[in-house]
Amino acid sequence: MFFNLAWRNAKRSRNENLIYFLTMVTAVASFYIILSLGQQDVIRFLRELESSAVEKLLTTVMPMVYLCALLFIFFLVVFANKYQLECRSRELGLYLMFGMKKKRLFFQLMMEGFITSLLALFGGIICGSFLSEIISLATARLVGQGIITHQSSFSIGAVIWTTIGLLLIQALSLFILGGKTFKREVHQLLYGEMVKKQNTGTASGGLFTLLVGVILLAVAYWVALKHFFAAGGAMLFVAVLFGIAGTLLFIRGLARLLSLFAGSIKNKSTKGLYTFTLRQLQENVVCKYVSISVASLLMMFTIMLIADGSSSIMTYRKNLSRGSSVYDFTVMGDDMMVEQYLSSEKMKPYVAHLNRMETGKIKKPEAGSINSFVDWSKFRAEIVQHLPSDVVDPATQDTGSYTMAPDNPPALNILGIIDTGSYTPYLVPASTYSRLLEASGETPLILGEDEAVFYINPDFIGSAQEDESSMLDEIFSKAKSTNTPLLSIDGEPFFFTSSVTMKGLTADKNIRITSALIVSDEVFEKYVDQDTCMVYWNFCIPGETANEKGLMKSIMDANHLLKPSGFVYESYLNNFGRQLFYVIAGSYTSLYMGFMFLIIACALLSLQFLTQMQATKERYLTLSMLGANHKQMKKSINKQVLWYFLLPLLLACISGSVGLFAMQKHLHSSQAAIVQSYPLMFIMAGSVIVVLVIYAVAVAQTANREIGKLKWKINS
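Before going into details, it helps to say that this report is about the structure given with it. (Residues numbered from 1 in each chain as written. Predicted model: local features only at pLDDT ≥ 70, side-chain atom pairs only at ≥ 80, totals over all residues. Heavy atoms only, no water.)

### Description of the packing of helix α11 (residues 274-287) against helix α24 (residues 618-625)
The packing of two helices is summarised by the inter-axis angle and the distance between the axes.
So, step 1. Remark: α11 packs on α24, axes separated minimally by 13 Å, with the N-to-C direction vectors making an angle of 170 degrees. If you check the angle between α11 and α24, you find them roughly antiparallel. On the side of α11, the interface is formed by Phe 276, Gln 280 and Glu 283, while α24 contributes Arg 619, Tyr 620 and Leu 623.
So, step 2. Among the residues forming the contact of α11 with α24, the class breakdown is three nonpolar, one polar and two charged. (Axes fitted to C-alpha atoms, helices over the stretch in contact; angles between N-to-C directions. Helix = DSSP H or I, 4+ residues; strand = E, 2+ residues; numbered from the N terminus. Parallel < 35°, antiparallel > 145°, perpendicular 65-115°, else oblique. Contact = heavy atoms within 4.5 Å. Nonpolar A, V, L, I, M, F, W, Y, C, P; charged D, E, K, R; others polar.)

Written out as structure tokens, the structure is:
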């Protein structure tokens, strides 16, 4: 009997309160998705390349995200259960009046919650596993189809922790709310408490509040756009505080504006419950303006996080591209031992174009002599002449730092490279760079003793490389035609060679040699500082092996053979995995938290609207007595729900757009990251709209169902 009653009540609650059950299913799905991350294809792939970073993500970062989600969902479940208990207040009072003990009634509520939680677990895990599978497949396809073999991402551990998390927050919320409910007298449960009179304020006070809110928001926007990093980030904190205060005051003042609208249009005052709708909406906003403001802020964070996550995913090709790298592996260690190991029979199938790359800085002159062996003055003077008319030579501005970016004029980037590394530049022997060019299929480099190549790491300045190369080729060709050396080393003139392809010196992108002088082997041996020399053994996977096994499989096989060697080594796949890890971890967390904030905002708005409507539903009974029909009341409720969701969303769109613009301006070097993310952002925007519509429709249907009950009572 006890179980049957609990089962019937739980079933009725699910049927009558879709928001409640939808919130529970969403909580389960969100828990499962974050906890099953370790079983997804990309993460399994990354475990083999960046095991320590992945383990740190799964053991440190993801549990923190899970706990944050647990905390947010706890408040949602509390709100949902609070509304559920308020709707059943009369029923609970009848149970007590008929003699049921409070202890037994509490256990009945716990049993109902347990039944609902089990069904929500079943539905949420199905939805979560389906979504997790889609995310796994979509991510694997984005980062490279054929690289990752798909396996099922279903996780028993995620199911266990999801079950524990949901049952914990469900039991805790019912324990807290049950205690408060049973402290009320029976007549309060049967007839409810008197609705508190709400002070909507005066017209002048409301307009003043609205004006102050607009000013605070404007100041917050100005600080975010103009002083993002000012005072060590303190001004950004000020912008956040002003934004929160401005949002609260703006929403609060907007309620009074709704009241003015209600009384300003006389010809609509009695048409379609126009005035009643605005008055209801005004009171809802006034009573719940804090909740609405919080929902608006959460929606703003949703917009920013989804845009940031989308841009990270859509620009992954730039971040994960091979770039200028030629070699698949770079190995460091004792010269003789490395060469012997890489030439062994087991490594032979995986080693081609073996190249001993030696680099080092030019030696410093003796104390008391010249400042540097290298004289860049003529070369620098030529670069300064190519500066745009509106750009001043940084050396004349007493500045101690240079900013090199793709958006800068080419000459400005070159000046930054010269001025920051001209005292002791790196030297690279021509023979090793010539072998590098041969490995990439380029024409080998042959240099005379009075010739040099101005090497610039193409990965350092990215898309600006072509502009810099074109400008330098023009300068070098002109100097050679006039027989004018632009460089001197220890007083000896050197001519720059033009049209030399720039490639990465090693497979390890952590070796950041921004610029260097490629000189003949004799000049290298004469001027290099032996104390700064580093030797890198580079090699490629042979073409026949790559064709037979595939490049990724071949690199991973070679990686396994190098592990027991004890050498320090890095592969192209390690770089790929490291960058992929940053993309996946950042974008996944941003998108997950973005949609979590959206769900929380929608559920918060839904439950607050229904709670307020529950307290004022007797007004609809009065409307029925005055002659309003159910269709008119339904239309009024639908409009209230529409604007109750739109008001915070519109403000969130404005604030989110400002936040996105500030992020683009201060955190991204160009607009490319935002532009490339547009396709996925449109998809995400569509998903956001779908979520909002689902919640709004569910709220409208629930509210209309409650009004239908009132009408039935009148007819009876």
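Back to the write-up after that little detour.
### Observations concerning the pattern of salt bridges
So, step 1. Under the criterion given, the structure shown has three salt bridges.
So, step 2. A salt bridge links Asp 335 to Arg 356; the nearest nitrogen and oxygen atoms lie 2.8 Å apart. With a gap of 21 residues between them, Asp 335 in helix α14 (residues 335-342) and Arg 356 in strand β2 (residues 352-361) connect regions that are remote in the sequence.
So, step 3. On the accessibility criterion, Asp 335 (26% relative accessible area) is partly exposed.
So, step 4. A relative accessible area of 29% means that Arg 356 is categorised as partly exposed.
So, step 5. As a salt-bridge pair, Arg 356 and Glu 358 come within 3.3 Å of each other at their nearest N and O atoms. (Salt bridge = Lys/Arg side-chain N within 4 Å of Asp/Glu carboxyl O. Buried < 20%, exposed > 50% of the residue type's maximum accessible area, 1.4 Å probe, protein only.)

### A closer look at the packing of aromatic side chains
So, step 1. Scanning all chains against the criterion turns up twelve aromatic pairs.
So, step 2. Taken together, a centroid distance of 5.0 Å and an interplanar angle of 50 degrees make the contact between Phe 379 and Phe 496 tilted. Pair noted here: Phe 379 is in helix α15 (residues 377-385) and Phe 496 is in strand β7 (residues 492-496), with a separation of 117 residues, a long-range link. Phe 496 carries the same exposure label as Phe 379, and that label is buried.
So, step 3. Arranged with centres 6.1 Å apart and planes meeting at 70 degrees, the rings of Phe 454 and Phe 496 form a pair that is edge-to-face. Of the two residues, Phe 454 is situated in strand β5 (residues 451-456) and Phe 496 in strand β7; the sequence distance between them amounts to 42 residues. The two residues Phe 454 and Phe 496 agree in class, both being buried.
So, step 4. Ring pairing ties together the aromatic residues Trp 376, Phe 379, Phe 454, Phe 476 and Phe 496, which thus form one cluster.
So, step 5. The ring of Tyr 289 carries the charged tip of Arg 252 above its face, separated from the ring centre by 5.5 Å. (Phe/Tyr/Trp six-rings, centres within 6.5 Å; stacked < 30°, edge-to-face > 60°. Lys NZ or Arg CZ within 6 Å of the ring centre and 35° of its normal.)

### Description of α11
Given 3.6 residues to a turn, an α-helix orients residues that are three or four positions apart in the same direction.
So, step 1. For α11, with 14 residues, the first-to-last C-alpha span of 20 Å sits near the 20 Å given by 1.5 Å per residue.
So, step 2. Within α11, eleven of the 14 residues are buried, which leaves it mostly tucked inside the rest of the structure. (Expected span 1.5 Å × (residues − 1).)

### Quick look at a negative patch on the surface
So, step 1. Taken together, the side chains of Glu 449, Asp 450, Asp 521, Glu 522 and Glu 525 make up a negatively charged region of the molecular surface.
So, step 2. Looking at the element boundaries, Asp 521 is found in helix α20 (residues 521-527).
So, step 3. Under the relative-accessibility criterion, Asp 521 is labelled partly exposed at 31%. (Patch = residues over 30% accessible without salt bridge, like charges linked within 9 Å, V, L, I, M, F, W, Y side chains within 5 Å. Areas by Shrake-Rupley, 256 points an atom, 1.4 Å probe, with all protein chains shown as cover. Lys, Arg positive; Asp, Glu negative; His and termini not counted. Charge placed at Lys NZ, Arg CZ, Asp CG, Glu CD.)

### Here we look at α15
So, step 1. Looking only at α15, the buried set comprises Phe 379, Arg 380 and Ile 383. Along α15, the residues classed as buried sweep out an arc of 95 degrees about the axis, all on the same side. Within α15, the exposed residues directed more than 90 degrees away from the buried face are Lys 378 and Gln 385. (Arc of directions from axis to C-beta.)

### Considering the sheet that holds strand β10 (residues 568-571)
So, step 1. An order of β3-β6-β7-β5-β8-β4-β2-β9-β1-β10 is seen for the ten strands of this open sheet, with the pairing classed as mixed. If you trace the sheet from one side to the other, it starts and ends with β3 (374-375) and β10, each paired once.
So, step 2. The sheet contact formed by strand β1 (residues 329-332) and strand β9 (residues 534-540) spans three bridges and is antiparallel. Counted as the bridge partner of Phe 329 is Phe 539 from β9.
So, step 3. Running over the sheet, helix α17 (residues 430-439) touches β2, β4 (426-429), β5, β8 (515-519) and β9 and is turned about 145 degrees from β2. (Pairing = 2+ DSSP bridges.)

### Considering the side chain of Lys 503
So, step 1. Note on placement: Lys 503 falls in the loop between β7 and β8.
So, step 2. With no salt bridge to any partner, buried Lys 503 finds its closest opposite charge in Glu 442, at an N-O distance of 4.4 Å.
So, step 3. Setting aside residues up to four positions removed in sequence, Lys 503 forms contacts with Ser 324, Val 326, Tyr 433, Leu 436, Leu 437, Ser 440, Glu 442, Tyr 455 and Pro 458.

### What to know about a nonpolar patch on the surface
So, step 1. On the surface, Leu 211, Ile 215, Val 219, Phe 237, Leu 241 and Phe 242 cluster together to form a nonpolar patch covering roughly 540 Å² of accessible area.
So, step 2. Those elements that place two or more of their residues in the nonpolar patch are α9 (203-226) and α10 (234-264).

### Quick word on the environment of Ser 324
So, step 1. Relative to the elements of secondary structure, Ser 324 occurs in the loop between α13 (316-320) and β1.
So, step 2. By relative accessible area, which is 8% here, Ser 324 ends up buried.
So, step 3. When residues no more than four places from it in sequence are discounted, the contact partners of Ser 324 are Asn 457, Pro 458, Asp 459, Met 502, Lys 503 and Gly 504.

### Section: the side chain of Thr 545
So, step 1. Within the secondary structure layout, Thr 545 lies in helix α21 (residues 543-549).
So, step 2. In this structure Thr 545 touches Pro 349, Tyr 350, Gly 550 and Ser 554, once residues within four positions along its chain are discounted.

### With respect to unusual backbone geometry
Glycine aside, residues mostly have negative phi, and peptide bonds are mostly found in the trans state.
So, step 1. In the Ramachandran plot, Asn 483 falls in the positive-phi region, its phi being about 55 degrees despite a non-glycine side chain.
So, step 2. Inspection of the secondary structure assignment puts Asn 483 in the loop between α19 (465-481) and β6 (487-489).
So, step 3. Take Asn 483: its relative accessible area is 57%, and that puts it in the exposed class.
So, step 4. You will see that Ser 499, though not glycine, has its phi angle at about 55 degrees, which is positive.
So, step 5. Tracing the sequence through the fold places Ser 499 in the loop between β7 and β8.
So, step 6. Judged by its relative accessible area of 61%, Ser 499 falls in the exposed class.

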